[in-house]
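Residues per chain are reported as follows:
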Amino acid sequence: MNFDRIPLSRRNLLKYTAVGAIAGGTLTSTACSNNKPKEVGIVNADGKRILPWSNWSGNQNCQPSDRIVPRNEDELLTLLRSGNQKIRMLGSGHSFSGLIPTDHTLVSLARLRGIENVDKETNQVDVLGGTRLSQLGSELWDQGLSVINMSDIDSQTFSGAVATSTHGTGRDLQSISGQMLSSRFVTASGDILDCSPTENSDLYHASGNHLGALGVMTRSRIQTVPAYHLKEHSWMMPEEEGLETALELSKQHRHYEMFALPHSKYILGLTLDKVAAEEVPAEPPVGSGDAYEAFRMLSNAIDYMPFARRWLVNYGASTVKPETRYGTSPEIFGNLRDIRFNEMEYTVPAEYGPQCLREVLEKIKKDNIPVIFPIEARYVKADDFWLSPFYKRA
Ligand SMILES: Cc1cc2nc3c(=O)[nH]c(=O)nc-3n(C[C@H](O)[C@H](O)[C@H](O)COP(=O)(O)OP(=O)(O)OC[C@H]3O[C@@H](n4cnc5c(N)ncnc54)[C@H](O)[C@@H]3O)c2cc1C
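Bear in mind that the values here come from a model prediction, so they are computed numbers and not experimental data. (Residues numbered from 1 in each chain as written. Predicted model: local features only at pLDDT ≥ 70, side-chain atom pairs only at ≥ 80, totals over all residues.)

**Student:** Help me out: how do you make sense of the overall build of the protein in this one?
**Tutor:** A count of helices and strands for the protein gives 10 helices and 19 strands. In the protein, which comprises 394 residues, the proportion classed as buried is 37%. Intrachain contacts of the protein at a sequence separation of at least 6 include 70% that bridge at least 24 residues. (Helix = DSSP H or I, 4+ residues; strand = E, 2+ residues; numbered from the N terminus. Buried ≥ 20, exposed ≤ 12 C-beta atoms within 10 Å, placed from the backbone. Contact = placed C-beta atoms within 7 Å.)

**Student:** Sorry, what's going on with the sheet that holds strand E5 (residues 66–68) here?
**Tutor:** For sheets, the rule is that strands pair by backbone hydrogen bonds, running either parallel or antiparallel. The strand order E5-E7-E6 describes an open sheet built from three strands, whose pairing is parallel. The open sheet has two free edges, formed respectively by E5 and strand E6 (87–90), since each of these has just one partner strand. Neighbouring strand axes in the sheet, compared pairwise and without regard to direction, differ in orientation by 25° on average. Of the pairings in the sheet, the one linking E5 to strand E7 (residues 105–108) comprises three bridges and is parallel in character. Across the sheet, the residue bridging to Asp66 is Thr105, located in E7. (Pairing = 2+ DSSP bridges. Axes fitted to C-alpha atoms, helices over the stretch in contact; angles between N-to-C directions.)

**Student:** Help me understand the pairing of strand E9 (residues 124–128) in this model?
**Tutor:** If a strand is regular, its side chains alternate between the two faces of the sheet. The pairing of strand E8 (residues 115–119) with E9 spans three bridges and is antiparallel. From the neighbouring strand, Asp119 faces E9, where its bridge partner is Gln124. Hairpin geometry of E8 and E9 is characterised by an intervening segment of four residues between the two adjacent antiparallel strands and by a positive phi of about 60° at Asn123.

**Student:** Sorry if this is basic, but what is going on with the site of the ligand here?
**Tutor:** Close to the ligand lie 30 residues, the nearest being Gly91, Ser95, Gly160, Ala163 and Gly212. Secondary-structure elements contributing two or more residues to the shell around the ligand are E6, helix H4 (158–163) and strand E13 (216–223). The leading source of residues in the shell around the ligand is H4, at four residues. Counted by class, the shell around the ligand contains 12 nonpolar, 15 polar and three charged residues. (Near = placed C-beta within 6 Å. Nonpolar A, V, L, I, M, F, W, Y, C, P; charged D, E, K, R; others polar.)

**Student:** Is there a simple way to explain the sheet that holds strand E19 (residues 375–378) in this structure?
**Tutor:** Pairing in this open sheet of five strands is antiparallel, and the strands run E18-E15-E17-E16-E19 from one edge to the other. The open sheet has two edge strands, strand E18 (323–328) and E19, and neither has a second partner. The average undirected angle you get between the axes of adjacent strands in this sheet is 20°. As judged from the four bridges shared by strand E16 (residues 255–260) and E19, these two strands associate in the antiparallel manner. Bridge assignment links Met258 to a residue of E19, and that residue is Ala377. Packed onto the sheet, helix H10 (residues 353–366) meets E16 and E19 and runs at close to 170° relative to E19.

**Student:** Got a minute to help me understand the nonpolar core in this structure?
**Tutor:** Soluble globular proteins tend to bury their nonpolar side chains together. If you look at the biggest cluster of nonpolar residues, it comprises 20 residues, and the most contacted ones within it are Val127, Leu136, Phe158 and Val162. Setting aside chain neighbours within four positions, we find Val127 in contact with Ile115, Leu136, Phe158, Arg219, Ser220 and Ile222. Among the nonpolar cores identified, the runner-up in size contains 17 residues, and Met236, Leu243, Ala260 and Tyr266 belong to it. (Core = buried A, V, L, I, M, F, W, Y, C linked by C-beta atoms within 7 Å.)

**Student:** Sorry, what's going on with helix H8 (residues 309–318) here?
**Tutor:** An α-helical turn contains 3.6 residues, so a residue and the one three or four places further along point in the same direction. Here H8 has its buried residues at Arg309, Leu312, Val313, Gly316 and Ala317. What you see down the axis of H8 is that its buried residues fit within an arc of 125°, all on one side. Of the residues in H8, the exposed ones pointing more than 90 degrees away from the buried face are Trp311 and Ser318. (Arc of directions from axis to C-beta.)

**Student:** Sorry if this is basic, but what is going on with the environment of Gly212 here?
**Tutor:** Looking at where Gly212 falls in the secondary structure, it is placed in the loop between helix H5 (201–207) and E13. For Gly212, a count of 19 C-beta atoms within 10 Å gives the class partly exposed. Between the C-alpha atoms of Gly212 and Ile100, which are 112 residues apart in sequence, the distance is 8.6 Å. With sequence-adjacent residues up to four places away left out, Gly212 is seen in contact with Arg88, Met89, Leu99 and Ala163.

**Student:** Help me understand the environment of Ala206, please; the structure alone is not making it clear to me.
**Tutor:** Assignment of secondary structure puts Ala206 in helix H5. On a C-alpha basis, the gap between Ala206 and Cys195 in space is 10.0 Å, while along the polypeptide they are 11 residues apart. Residues in contact with Ala206, not counting those within four places in the same chain, are Leu214 and Trp386.

**Student:** Sorry if this is basic, but what is going on with the environment of Glu139 here?
**Tutor:** Among the secondary structure elements, Glu139 is positioned in helix H3 (residues 133–142). Separated by 25 residues in the primary sequence, Glu139 and Gly114 place their C-alpha atoms 7.4 Å from one another. What Glu139 contacts, discounting residues up to four positions off in sequence, is Gly114 and Ile115.

**Student:** What am I meant to see in the confidence of the model for the protein here?
**Tutor:** In this model, the protein carries an average pLDDT of 88, and 87% of its residues clear a pLDDT of 70 or more. Throughout residues 1–8 the model reports pLDDT below 50, and contacts reaching past four residues in sequence, or to other chains, amount to 14 contacts. Within the model, the stretch residues 18–32 combines pLDDT values under 50 with 23 contacts to residues more than four positions away or in other chains. (pLDDT = per-residue confidence, 0-100.)

**Student:** Just to check I follow, could you spell out the packing of helix H6 (residues 239–252) against H10 for this structure?
**Tutor:** Running from N to C, H6 and H10 point in directions that differ by 160°, and their axes come no closer than 8 Å. One finds that H6 runs roughly antiparallel with respect to H10. Of the two possible hands of crossing, H6 and H10 adopt the one that is right-handed. Where H6 abuts H10, its residues Glu239, Leu243, Ala246 and Leu247 lie against Gly353, Pro354, Leu357, Arg358 and Leu361. The residue inventory of the contact of H6 with H10, partitioned by class, reads six nonpolar, one polar and two charged. (Parallel < 35°, antiparallel > 145°, perpendicular 65-115°, else oblique. Left-handed = near helix turned anticlockwise from the far one by under 90°.)

Put into structure tokens, the structure is as follows:
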């Protein structure tokens, strides 16, 4: 096997290590058979076939008794006011935790999406609850606007992202909830409640991490900024250098984050900074290259040689070259994550972040814990939403 042939860009590296984690134990195989496929789902009391539900990673599953996608707010109100069923709201199913599974009715706002009421003076717009962040980014761009900050991916719905304090990175930038100026909820009894820091302010302060527990979030007014371009730069550095420079780099760049590779001697730093449109090359930013071939190679390698995990990860990391990409903010923000994983997240006060990460990495090495999935370390500015992981604390 010739590793020199693996195109080890940063993106590929993150993918390969993810694959190693899968190959290291969580992947299950599906046996082939000639049997006629069974009908999936159930037929409910209304004679409708209802498909089972699963989240993005597949670790959360359920068999709802109904699935409803209202065409407009009136249909949603009728549904809620009928009081016939217990309802769980579904965004795009990207949460790893059990926020969605239900035996009852799953409701999605997939038909209530897009932006409205664009105010070019204040850069404020309304976002309908079912709008995916990717659609939000592109519709804003058409209006000469951009979101202030964004998560790793842009597949989530706006309401789902706000429900969990979804965040990107940036010492001076809050989570996506921090961009929300006001919201409208339709309660379980079908009442409409608008909230902002000055109207129903308790509801507003709860709404920034609502976990789907406050009713249906049908729309939000958000603060945006004039459209901007980004330069992304990533580079591999020795682990200790990464830990020591993190705080300083987070002050120097609009966005700074690092990916620590367990069992390796390396940390990958990644910065994003605003640049003038003239600095951006005409071609759109290039993605992750020939990832699948390389994916299979490294996956197989770790599967057959789990004892060589440390060597493989270190060798892979040592071949990563610095990489720079330019593009519009939606192009650079929206990463592709097409290898399934499960993730957990902890928040610690910003000043203790690097020390905490150092101890986690030491523990993994010392106890030879079989994990090679990158640990992503980010900065988020404090906010004042009640259940927020960043409540009054960066
Ligand atoms: C590949 C991947 C990358 C990720 N990257 C990041 C990241 O960079 N940063 C980060 O912070 N998180 C990240 N996440 C986590 C993700 O952003 C959150 O789990 C987010 O909540 C998912 O949004 P969703 O639209 O899929 O909501 P869902 O998971 O479908 O739902 C989340 C919650 O919102 C509720 N809900 C949804 N819509 C409504 C509505 N209209 N009204 C009321 N309640 C509603 C649901 O009931 C549920 O409680 C990532 C997840 C994945 C799978």
